[in-house]
Amino acid sequence: MRENTPGLTFLRTMEKDAPGAAAWVTGNSANPGLSGLVKFYATPYGGILVEAEFFGLPNSSVPGSTGFYAMHIHENGDCALPFDRTGNHYSRTPAMHPDHTGDMIPLFANQGYAWCAFYDKRIALPEIMGRSVVVHAMPDDFVTQPSGNSGEKIGCGVIR
């Protein structure tokens, strides 16, 4: 008999429920093939369940390539190229990086494709509406201020 764990609840949520919000992420001019969908689901545990799927991340044409990319929620939902109006990482209260509310886990890509799902109790759906999800060219080092030395913004989508 399988017990009802949070993980099983999350699987059922992604399978059966509509997300409470989503961001369609598109690439910058140097990465026009980058696209992805980030979905945000309410949970019975508070916080949100995040599911992200990306195609066309850099090195997608290199067989066997892998890469890490930073993904954050930024303050502003302005994804006009070159994504320079997204503001800083969203944070409900003043905090040092990586303790911003919008700091998320890194994306791990294989030949340009990445999929991940994670639970984050620091975020509530109403507070992220209208903000942006940004994908950066490099992994977040989780140390450097103010944004983890994660490099250029290569993808952006507004959370709706």
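In this text, all values refer to a predicted model and were calculated from it rather than measured experimentally.

Draft legend 1. Representation of the pattern of salt bridges within the structure. Across all of its chains, the model carries four salt bridges by this definition. Here lysine 39 ties to glutamate 51 by a salt bridge, and the two come within 3.9 Å at their closest N and O atoms. Of the two residues, lysine 39 sits in strand 2 (residues 35–42) while glutamate 51 sits in strand 3 (residues 48–55), which places them twelve residues apart along the sequence. With a relative accessible area of 24%, lysine 39 lands in the partly exposed category. On the basis of relative accessibility, which here comes to 13%, the residue glutamate 51 falls in the buried class. A salt bridge links arginine 122 to aspartate 120, with the nearest nitrogen and oxygen atoms 2.8 Å apart. By relative accessible area, arginine 122 is classed as partly exposed at 33%. Using a relative accessible area of 6% as the deciding quantity, one classes aspartate 120 as buried.

Draft legend 2. Region of interest: the pairing of strand 3. With respect to burial, strand 3 is a largely interior element, six of its eight residues being buried. Here strand 2 folds back onto strand 3, and the loop between the two strands holds five residues, one of which, glycine 46, carries a positive phi near 80°. Of the pairings in the sheet, the one linking strand 3 to strand 7 (residues 114–120) comprises seven bridges and is antiparallel in character. Within the sheet, the bridge partner assigned to glutamate 53 lies in strand 7 and is tryptophan 115.

Draft legend 3. How the structure looks around the sheet that holds strand 2. Strand order in the open sheet made by the seven strands is 5-8-9-1-2-3-7, with antiparallel pairing throughout. Of all the strands in the sheet, just strand 5 (71–74) and strand 7 have a single pairing partner and so form its edges. Taken pair by pair, the neighbouring strands of this sheet meet at an average axis angle of 20°, ignoring direction. Running at roughly 60° to strand 3, helix 1 (residues 6–16) makes contact with strand 2, strand 3 and strand 7 of the sheet.

Draft legend 4. Molecular detail of the nonpolar core. Residues Val38, Phe40, Phe54, Met71 and Val133 are the most contacted members of the largest nonpolar core, which totals 28 residues. For this core, the secondary structure elements donating two or more residues are strand 1 (21–27), strand 2, strand 3, strand 5, strand 6 (107–110), strand 7, helix 2 (125–128) and strand 8 (132–136). Tallying contributions element by element places strand 3 first for this core, with four residues. Beyond its immediate stretch of four places on either side in the chain, valine 133 contacts Ala23, Val25, Val38, Phe40, Met71, His72, Met104, Gly155, Cys156, Gly157 and Ile159.

Rules and cut-offs
- Residue positions are given per chain, counted from 1 along the sequence in the order it is written.
- Residue-level local features of this predicted model are given only where pLDDT is at least 70; pairs of side-chain atoms are given and counted only at 80 or more, and the full residue set underlies all totals for whole chains, interfaces and linings.
- With hydrogens and water excluded, all non-hydrogen atoms of the structure serve as input to the side-chain values.
- Definition used for salt bridges: Asp or Glu carboxyl oxygen within 4 Å of a side-chain nitrogen of Lys or Arg.
- Starting at the N terminus, helices and strands are each numbered in turn, a helix being any DSSP run of H or I of at least four residues and a strand any DSSP run of E of at least two.
- The classification of residues rests on relative accessible area computed with a 1.4 Å probe and restricted to protein chains. Under 20% of the type maximum is buried, over 50% is exposed, and intermediate values are partly exposed.
- Criterion used throughout: strands pair if DSSP finds at least two bridges between them.
- To obtain each axis, a line is fitted to C-alpha atoms, and for helices this fit is confined to the stretch in contact; angles are then taken between N-to-C directions over 0 to 180 degrees.
- Should any heavy atoms of two residues lie within 4.5 Å, those residues are counted as being in contact.
- Side-chain atoms within 4.5 Å link the members of a nonpolar core, which is a set of buried Ala, Val, Leu, Ile, Met, Phe, Trp, Tyr and Cys residues.

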